[in-house]
Amino acid sequence: MARKEGKMNVSSIDALGDDLCDTVLCTPKLSSALSSNPSLQEAVEEVFNKVFAELIRPHFAIVTVTSPDLEEARQLITKKLGSTIPIIYTAPTGLIGRDAITNEFKELQWQVYVDQNDSSSVSFDDDDSAVRQRRVICLTVGFLPGLKVAAVPLFQSKMVPFVDEFLEDISECVTSVSGCKAPIGMILFTDESMDSDNLLRKMDYSMPPETVIVGDLCGEFLCGNDVMNKRSKRKRQPLFMVAVALLFMQDPNKPPGIGDIKLHAALSAGLVPVGHKYEVTSVNESSVYWTKLTARRENSDQNLDEQTVRNIFGIGNRLLFDAYIGIVKKRKDIAGFEEVKWLSSQIFHAVHGVDKEDLVVDSGADIETGDCFRFFKADSHMTSSSLRQVSDKFRDLKISCDVGNSDGQRIRPANSEKMTIFGGVIFSCTRRGKPLGKAKLGSSPFLENFPDVPLAGSFCIGEICRGDSSSYGQLSEEGSHRCCLHYNSSVYLLMSYTPSSQGS
């Protein structure tokens, strides 16, 4: 089929018809491009021309853009993509991807939390015109034959999110679309103002272990009209959307000859535990944003005070920075698919400081008297070690994709099909990359192993990855604790495809 480079759009693809599309488009594809053109309209044209330079029929789209341009970007993108597919618009603290014009891989940050006590910590490259102009956009489009994709929103009213209703909506969506109990995976975007820990704990308990959950605790996001219209299901007003889940579900009507898509998640942690375990002795004051508590060392009468905290972190008179407490909470699994059971979760709260004998931390999941916790701090050695582990994991995955080994001998049966990695998404802490003195630090495991595979992502203030505390080198007598919301980390989602033997 003859066409001009960069001129294929969604309308012309739809005009081909479903039957022809199913014939021509049978291999999954992720296509992404970014632009730092100061004109948003021209930037949108650049990313569209690049993304649709090759034939692709979008099943979903993620648009990452600087915050002031969020609504205008939605209007421009909607004109091109329409409202028939789920589209998520996010305004994180930076983005990751390849330039639409030069194809150069870039990490651009326009909001970084800088350690005022560390002169080597930098917020961004002052010579980068894209950062100075504060106008960057990245478009990521996915075509996933054999899967169905849908977006489900979470609304709240008067500061109370409808978490249970949200989980019910996800269950109803998956059941009606795929006939399964749960999706194979999801990308979750949540507002930083809501209690994401409570949502993630319930979601973790309610989903089977094979469901992959990754995402971004972002400051601002929007959705396409098809998602916003679901607001009409709720009669309670006013309603505000505080999260949205992009669901990936099995297609019960998958055409013959279509292979299998699998999602792979990995976490590079960057926090290490320090000091002894402590027990909360009182919760003295709490607000939407912070909680004051007192604590004492576990199995001891030693109370926690300001000097003890400073000694733990070895900071003398410096201000606390990148310090957290990891509280272990035990909850009943009351929303799961299996029988009721007790599960423990580790929840991080940023430490703001010490007010006399009160430890001041971020609010979030309810902190109660008797809760146990340990202090955590950001650690460059932990970051480097965990990045190497993720890179090794990806290397093993890459080897499993290769038909032969270094001697040219087959490492799988001759009649088996070759798995390929066709795309990746990354959510990385704002502290990764240039603020740590090395550009593309968080992206390095992917770039080292899959340099030619499309990769897109964003910088976050909290990274979502379903997992446990073993990533932090923690194992209790009862085993590891569940942990889904991470800080100073990088989260990776890889997409693989194994062709069907019928289609070979």
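Residues numbered from 1 in each chain as written. Predicted model: local features only at pLDDT ≥ 70, side-chain atom pairs only at ≥ 80, totals over all residues. Heavy atoms only, no water.

Going by an unreviewed UniProt entry, the protein carries the name FIST C-domain domain-containing protein and comes from Daucus carota subsp. sativus.

## Topic: the overall build of the protein
In terms of helices and strands, the protein carries eleven helices and 24 strands. Out of the 504 residues in the protein, the part that is buried amounts to 53%. In the protein, once contacts between residues fewer than 6 apart in sequence are set aside, the share between residues at least 24 apart is 77%. Total accessible area computed for the protein in this model is approximately 22,700 Å², and 47% of it derives from carbon and sulfur atoms. (Helix = DSSP H or I, 4+ residues; strand = E, 2+ residues; numbered from the N terminus. Buried < 20%, exposed > 50% of the residue type's maximum accessible area, 1.4 Å probe, protein only. Contact = heavy atoms within 4.5 Å. Areas by Shrake-Rupley, 256 points an atom, 1.4 Å probe, with all protein chains shown as cover.)

## Observations concerning the sheet that holds strand β3 (residues 87–90)
Spatial strand order, β1-β6-β2-β3-β11: five strands in an open sheet with mixed pairing. Strands at the two margins of the open sheet, each flanked by one partner only, are β1 (29–35) and β11 (221–223). Looking at each pair of strands side by side, their axes are set apart by 15° on average, direction ignored. Inspection of the sheet shows strand β2 (residues 60–65) paired to β3 by four bridges, in the parallel sense. (Pairing = 2+ DSSP bridges. Axes fitted to C-alpha atoms, helices over the stretch in contact; angles between N-to-C directions.)

## Quick look at empty space enclosed by the protein
Counted according to the given criterion, the structure contains four cavities of 30 Å³ or more. Roughly 100 Å³ of internal volume is contained in the largest cavity. Along the walls of the largest cavity sit 13 residues, with Ile62, Thr64, Val425, Ala456 and Gly457 positioned nearest its centre. Looking at the lining of the largest cavity element by element, the count peaks at three residues for strand β21 (residues 455–460). Put simply, the second largest cavity is a space of about 80 Å³. As for the second largest cavity, its lining consists of Asp197, Leu200, Arg201, Asp204, Ser345, Gln346, Ile347, Arg482, Cys483, Cys484 and Leu485. For the lining of the second largest cavity, the elements supplying multiple residues, two or more each, are α7 (196–206), β17 (342–355) and β23 (482–486). (1 Å grid on protein atoms, 1.4 Å probe; cavity = no way out; pocket = protein on both sides within 12 Å on 5 of 7 lines; lining within 4 Å. Points joined across faces, edges and corners; volume = space filled by probe spheres on them.)

## Brief notes about unusual backbone geometry
Unlike most non-glycine residues, Asn299 shows phi in positive territory, near 60°. Among the residues examined, Asn299 registers a relative accessible area of 80% and is labelled exposed. A positive phi angle is found at Asn488, which is not glycine, with a value near 55°. Tracing the sequence through the fold places Asn488 in the loop between β23 and β24 (490–498).

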